[in-house]
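Coordinates in review
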Amino acid sequence: MRCGSMTVCGMLIAVSCLAKPDDRPKAPVAVPDLSEYRAQWAAERPRLAAEAVSNRTGAATIAVRDAAGRPLANSRIRLRLARHAFEFGCNCLVIGQLKEKDAAYEAAFTNLFNLATTTFCLGVIEKKEGEFAFEDKGECVWRRPPPDRALAFCRRNNLRVKGQPLMAGSWHPAWARKRSPEECRAMYDDYFSRVAKRYGESYAMFDVVNEAFLHKTLPLYTKECEYVDWALANAADKFPKSCRLCINEASMVNDVPGWGVRYYELVKRIRDKGIRLDGVGFQFHLFSDKSLEGVLRGKTWSPQKLRRAYDRMATLGVPMYLTEITIPSTLGGLETGEKLQAEVAENFYRFWFAHPGFAGITWWNLCDGAAWKKEGDVLAGLIGADMRRKPVYEALWKLVRREWTTDVTVTTDGKGCASFRGYFGDYEATLDGKTASFVLTRGAKDIPVSFR
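So, how was this worked out
- Residues numbered from 1 in each chain as written.
- Predicted model: local features only at pLDDT ≥ 70, side-chain atom pairs only at ≥ 80, totals over all residues.
- Heavy atoms only, no water.
- Helix = DSSP H or I, 4+ residues; strand = E, 2+ residues; numbered from the N terminus.
- Rg over C-alpha atoms; globule rule 2.2 N^0.38 Å.
- Buried < 20%, exposed > 50% of the residue type's maximum accessible area, 1.4 Å probe, protein only.
- Areas by Shrake-Rupley, 256 points an atom, 1.4 Å probe, with all protein chains shown as cover.
- Pairing = 2+ DSSP bridges.
- Axes fitted to C-alpha atoms, helices over the stretch in contact; angles between N-to-C directions.
- Expected span 1.5 Å × (residues − 1).
- Contact = heavy atoms within 4.5 Å.
- Disulfide = S-S within 2.5 Å.
- Salt bridge = Lys/Arg side-chain N within 4 Å of Asp/Glu carboxyl O.
- Polar contact = N/O pair within 3.5 Å; in protein donor to acceptor, adjacent residues only side chain to side chain.
- Parallel < 35°, antiparallel > 145°, perpendicular 65-115°, else oblique.
- Left-handed = near helix turned anticlockwise from the far one by under 90°.
- Nonpolar A, V, L, I, M, F, W, Y, C, P; charged D, E, K, R; others polar.

1. With respect to the overall build of the chain
Scanning the chain from N- to C-terminus turns up 13 helices and 16 strands. The globule rule puts the C-alpha radius of gyration for 452 residues at 22 Å, and the 25 Å found for the chain is close to it. Split into buried and exposed, the 452 residues of the chain put 53% on the buried side. Surface exposure of the chain reaches about 21,100 Å², of which carbon and sulfur atoms provide 53%.

Dropping the structure here:
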């Protein structure tokens, strides 16, 4: 017995020693006391609400005419925001890949968002040198749909579409890893030309470079990341001005000391050179319950820290975008975790929407069960793998579709004019079953509306 016990114990010790740290059971992360976190965000609410109105709405007068150009006096007209100018997005990386769940996925997507992000990773698009996978031939690499498929989805549903990224060290083709910087520039010059010719008029924007600070294995990488300047200047010669050219950087630039300043200095250098740059992206990934706990304890990403970073970048005058958001729904167990995810997401969305420097917010993965490893581990989707709409989905839907929208009825005066205040974007006007459209932009005063 004694000898057998020793043998068993010895085996257990041996197995334990061979186990990798990541394979060992991890202690669950407890939900911290939330009183201070909630008090902090409650104090922010009045300011954020006021800034949302001042920064995202405008007052204007519509001048309503009939088909002959005559004023429509004393007429009741419904004005409804059809598509927000501010971009609320999500990636569509699993579009057409969920089989019987595809319809439910598309419905959840189009019910909330007005922008879809899809991939242009060169390592997937040109997996074999000289063979480009732009067309939708039915099959695709998981979470890497053909660009034509994403474009068709967006056209069907009146969504703007974004491509991301054209250049990224993590997606540099395997067959080009040993190429010289000169050879790489020639390769990307050709790629930019192909993408611009095929999609420049139909895609709303592209991230030209992604995570420049992180991928030191890219043959073009230098400490100062001058290749970003080259890439943007090269793309600017090829893409129309209607297609925004942006850069995107990893989460640490939000509030990690030094990283935010480095990002600011990179953007300032590009601007000082006169190189076209239409958008600056900030990723916002919480890849673990421990990371979310840090937010709830006020250690990271407090509104004060974020405001300092964003205010600094905003002085350069380049529109900012939250490009990739991951917030766990697993902290404290699924029921508690889903409620916390909704609460935290709503706070951050109110903050970003209110800040005058931002032009859009993109959640990363719409559904659980269809994400890259760390994103999937924390169930950071807005809907479940079964397409169930989680509390976070409902919270964001109420913000975007109920609170931050305009649906009013106005009555024109004797000259056919009526004043209103609304969120910036594309509007639909309705009168006696007829419809007309117009756009409300910042500074707009007298807007012609014609019913034909």
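Resuming the write-up.
2. A closer look at the sheet that holds strand E14 (residues 425–431)
Backbone hydrogen bonds hold the strands of a sheet together, and the pairing may be parallel or antiparallel. The strand order E12-E2-E14-E15 describes an open sheet built from four strands, whose pairing is antiparallel. Each edge of the open sheet is held by one strand with a lone partner, namely strand E12 (407–411) and strand E15 (434–440). Strand-to-strand, the axes of this sheet are offset by a mean angle of 30 degrees, without reference to chain direction. The sheet contact formed by strand E2 (residues 76–84) and E12 spans five bridges and is antiparallel. Directly across from Arg78, in E12, lies its bridge partner Thr409.

3. A short note on helix H6 (residues 181–199)
Residues spaced three or four apart along an α-helix point in a common direction, a consequence of the helix completing one turn every 3.6 residues. Here H6 is 19 residues long and its end C-alpha atoms lie 26 Å apart, about the 27 Å a rise of 1.5 Å per residue gives. At its buried positions, H6 is contacted by helix H4 (122–125), helix H5 (147–156), strand E6 (167–168), strand E7 (205–210) and helix H7 (226–236).

4. Notes on the state of the cysteines
According to the stated counting rule, one finds zero disulfides in the structure shown. The thiol sulfur of Cys225 is not disulfide-bonded, and the nearest other cysteine sulfur, from Cys184, lies at 15 Å. Lacking any disulfide linkage, Cys367 is separated from the closest cysteine sulfur, that of Cys90, by 8.5 Å. Among the residues examined, Cys367 registers a relative accessible area of 4% and is labelled buried.

5. Concerning the sheet that holds strand E1 (residues 57–65)
Taken in spatial order, the three strands make up an open sheet running E13-E1-E16, and their pairing is mixed. If you trace the sheet from one side to the other, it starts and ends with strand E13 (417–423) and strand E16 (446–450), each paired once. When strand polarity is set aside, the average angle formed by the axes of neighbouring strands in this sheet is 40 degrees. Relative to E13, E1 runs antiparallel, the two sharing seven bridges. Along E13, the bridge assignment pairs Ala60 with Phe420. The strands that helix H2 (residues 35–56) touches are E1 and E13; relative to E1, the one it contacts most, it runs at about 40 degrees.

6. What about the pattern of salt bridges?
Considering all chains together, one arrives at 30 salt bridges under this definition. Of the charged contacts in the structure, one is a salt bridge between Glu87 and Arg244, with a shortest N-O distance of 2.7 Å. With Glu87 in strand E3 (residues 87–91) and Arg244 in strand E8 (residues 244–249), this residue pair connects regions lying 157 residues apart in the sequence. The exposure class assigned to Glu87 is buried, which follows from its relative accessible area of 5%. Where Arg185 meets Glu182, a salt bridge forms, and the shortest distance between an N and an O atom there is 3.6 Å. Of the two residues, Arg185 and Glu182 are both situated in helix H6; the distance of three residues between them amounts to about one turn of the helix. On the basis of relative accessibility, which here comes to 52%, the residue Glu182 falls in the exposed class. One continuous salt-bridge network, built from bridges that share partners, spans Arg45, Glu346, Arg350 and Glu403.

7. Some words on unusual backbone geometry
Cis geometry is adopted by the peptide bond preceding Pro165, which originates at Gln164 and carries an omega value of -10 degrees. The phi torsion at Asn158 lies on the positive side, around 55 degrees, for a residue other than glycine. Phi angles above zero are rare outside glycine, and Trp301 is one such case at about 50 degrees. Positionally, Trp301 belongs in the loop between helix H9 (289–296) and helix H10 (303–314).

8. Remarks on the environment of Arg160
Its place among the elements puts Arg160 in strand E5 (residues 160–164). Sequence separation between Arg160 and Lys216 is 56 residues, and the spatial gap between their C-alpha atoms is 32 Å. Ignoring sequence-local partners within four residues, the contact set of Arg160 consists of Arg83, His84, Ala85, Phe86, Glu87, Asn114, Leu115, Ala116, Cys154, Ala204 and Arg244. At a separation of 3.1 Å, a polar atom in the side chain of Arg160 contacts the main-chain carbonyl oxygen of His84.

9. Here we look at the packing of H10 against helix H11 (residues 334–354)
H11 packs onto H10 with a crossing angle of 30 degrees between their chain directions and a minimal axis gap of 12 Å. Looking at the two axes, H10 sits roughly parallel to H11. For the pair H10 and H11, the sense of crossing is right-handed. Between H10 and H11, the contacting residues are Pro303, Leu306, Arg307 and Tyr310 on the first element and Phe348, Phe351 and Trp352 on the second. Looking at the contact of H10 with H11 residue by residue, the classes come out as six nonpolar, no polar and one charged.

10. Here's the deal with helix H13 (residues 391–403)
Within H13, burial applies to Val392, Tyr393, Ala395, Leu396, Trp397, Leu399 and Val400. Looking at the buried side of H13, the elements it contacts are E3, helix H3 (102–110), H11 and strand E11 (358–363).

11. Considerations on the packing of H7 against helix H8 (residues 259–272)
Contact geometry of H7 with H8 gives a least axis separation of 10 Å together with a crossing angle of 45 degrees. Considering the angle they form, H7 stands oblique to H8. Crossing of H7 against H8: the hand is right-handed. Here Glu226, Val228, Asp229 and Leu232 of H7 lie close against H8, whose contacting residues are Leu266, Arg269 and Ile270.

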